Amino acid sequence: MAQRRPTLPPALTRGHDHHQCVHDALAEAERLCAGRDVRLTELRKRVLELIWASHAPIGAYAIMDLLRGEGRNAMPPTVYRALDFLLEQGLIHRIASLNAYIGCSHPGDRHAMQYLICKICGTVAEIDNPAIDDAIATTTGGLGFAPDSQTLEVSGTCRDCRDAAR
Ligand SMILES: [Zn+2]
Ligand SMILES: [Zn+2]
Ligand SMILES: [Zn+2]
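Fair warning: this is a prediction, and the values are worked out from it, not measured in the lab.

1. Overview of the overall build of the protein chain
- When helices and strands are counted, the protein chain shows 6 helices and 5 strands.
- In the protein chain, the succession of α and β elements from N to C terminus is α-α-α-α-β-β-β-β-α-β-α.
- Relative to the 2.2 N^0.38 estimate, which gives 15 Å for 166 residues, the radius of gyration of the protein chain is 17 Å and therefore close to what a compact globule would have.
- Here the C-alpha coordinates of the protein chain stretch approximately 55 × 45 × 25 Å along the principal axes.
- The 166 residues of the protein chain split such that 24% are buried.
- A sequence separation of at least 24 residues applies to 60% of the contacts in the protein chain between residues at least 6 apart.

The structure is reproduced here in structure tokens:
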């Protein structure tokens with residue numbers, strides 16, 4: 001197994017080229033779906049694009065409102081099906097503590113569900129630190145517990161917001 005190293009996302013810095021993020025995310029989604037022979041329908045793609053509008057999570061009802069504003073049929077089952085598809089394909093993540101979604105910045109790679117959530121600007125950054133996984137594996141293993149999945153959500157204040165408060 002390849003050695004994973006901690007990843008720190010560029011998303012934590014304000015003023016990064018977000019158009020590039022969106023462009024890359026959509027191109028990567030098209031590529032992954034084509035490779036897996038699954039359909040990134042127009043609606044699924046639009047939902048992904050709306051989620052990628054920023055690095056702050058967006059809830060399902062906010063997505064429905066935006067879609068309706070575009071004159072689309074955005075009934076909850078339709079939108080939830082699109083969200084389920086994007087989740088299954090690893091293109092988005094659900095932030096449980098906020099009941100909202102963010103775009104995945106490295107879909108296609110297996111990675112830990114570890115998030116830093118800024119309570120001021122709302123930015124969510126994905127981190128992937130294998131040392132955290134190891135600590136959980138050791139702890140659960142020691143208790144004879146077999147984990148299926150794990151998610152770590154750390155709430156706090158990002159560097160930009162801390163700088164701005166100084
Ligand atoms: Zn961005
Ligand atoms: Zn991800
Ligand atoms: Zn912030």
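2. Regarding the sheet that holds strand E3 (residues 113–118)
- Read across the sheet, 3 strands follow the order E4-E3-E5 without closing on themselves; strand pairing throughout is mixed. The outermost strands of the open sheet, each flanked by one partner alone, are strand E4 (124–127) and strand E5 (151–156). Between one strand axis and the next, the sheet turns through 20° on average, direction left out of account.
- Bridge analysis of E3 against E4 gives 4 bridges, and the strand direction is antiparallel. Along E4, the bridge assignment pairs Leu116 with Ala125.

3. What to know about the pairing of strand E1 (residues 92–95)
- Both E1 and strand E2 (residues 100–103) contribute to a ladder of 4 bridges, which runs antiparallel. Residue pairing in the sheet places Arg94 in a bridge with Tyr101 of E2.
- Taken together, E1 and the strand that follows it, E2, pair antiparallel across an intervening segment of 4 residues, in which Asn99 is found at a positive phi of about 50°.

4. Here's the deal with unusual backbone geometry
- Not every positive phi belongs to a glycine, and Asp37 is a case in point at roughly 60°.
- For Asp37, the location among the structural elements is in the loop between helix H1 (18–36) and helix H2 (42–51).
- The exposure class assigned to Asp37 is exposed, which follows from the 6 C-beta atoms found within 10 Å.
- In this structure, Asn99 takes a positive phi of about 50° despite not being glycine.
- Checked against the element boundaries, Asn99 lands in the loop between E1 and E2.

5. Details of the domain arrangement of the protein chain
- Splitting the protein chain by domain gives domain 1 (16–108) and domain 2 (110–166).
- Every contact between the two is made by 10 residues of domain 1 and, on the other side, 11 residues of domain 2.

6. A closer look at the nonpolar core
- By size, the foremost hydrophobic cluster in this structure holds 29 residues, and its most contacted members are Val47, Leu48, Ile51, Leu86, Ile92 and Val124.
- Of all the elements in the fold, those that place two or more residues in this core are H1, H2, helix H3 (60–69), helix H4 (76–88), E1, E2, E3 and E4.
- Of the residues that make up this core, three or more belong to each of domain 1 (16–108) and domain 2 (110–166).
- Discounting chain neighbours no more than four positions away, the residues touching Leu86 are Arg44, Val47, Leu48, Leu91 and Ile92.

Conventions adopted
Within every chain, residues take consecutive numbers counted from 1 along the sequence as written. The naming scheme follows written order: chains are lettered A onward, ligands numbered 1 onward. Owing to the predicted nature of the model, reporting of local features is limited to residues with pLDDT of at least 70; listing and counting of side-chain atom pairs is limited to 80 or more, with chain, interface and lining totals taken over all residues. Comment: elements are numbered from the N terminus, with helices defined as DSSP H or I runs of at least four residues and strands as E runs of at least two. Note that the radius of gyration is over C-alpha atoms, with the globule rule given as 2.2 Å times the number of residues to the power 0.38. Counting other C-beta atoms within 10 Å of each residue's C-beta, where C-beta atoms are placed from the backbone, gives the exposure class: buried for 20 or more, exposed for 12 or fewer, partly exposed between. By the convention adopted here, residues are in contact when the distance between their C-beta atoms, placed from the backbone, does not exceed 7 Å. By the convention used here, strands pair only if DSSP detects at least 2 bridges between them. Fitting a line to C-alpha atoms yields each axis, with helices limited to the stretch in contact; the angle taken between N-to-C directions then spans 0 to 180 degrees. What counts as a domain boundary in this text is fixed by an automatic or database domain assignment. To define a nonpolar core, we join buried Ala, Val, Leu, Ile, Met, Phe, Trp, Tyr and Cys residues through C-beta atoms within 7 Å and take the resulting set.

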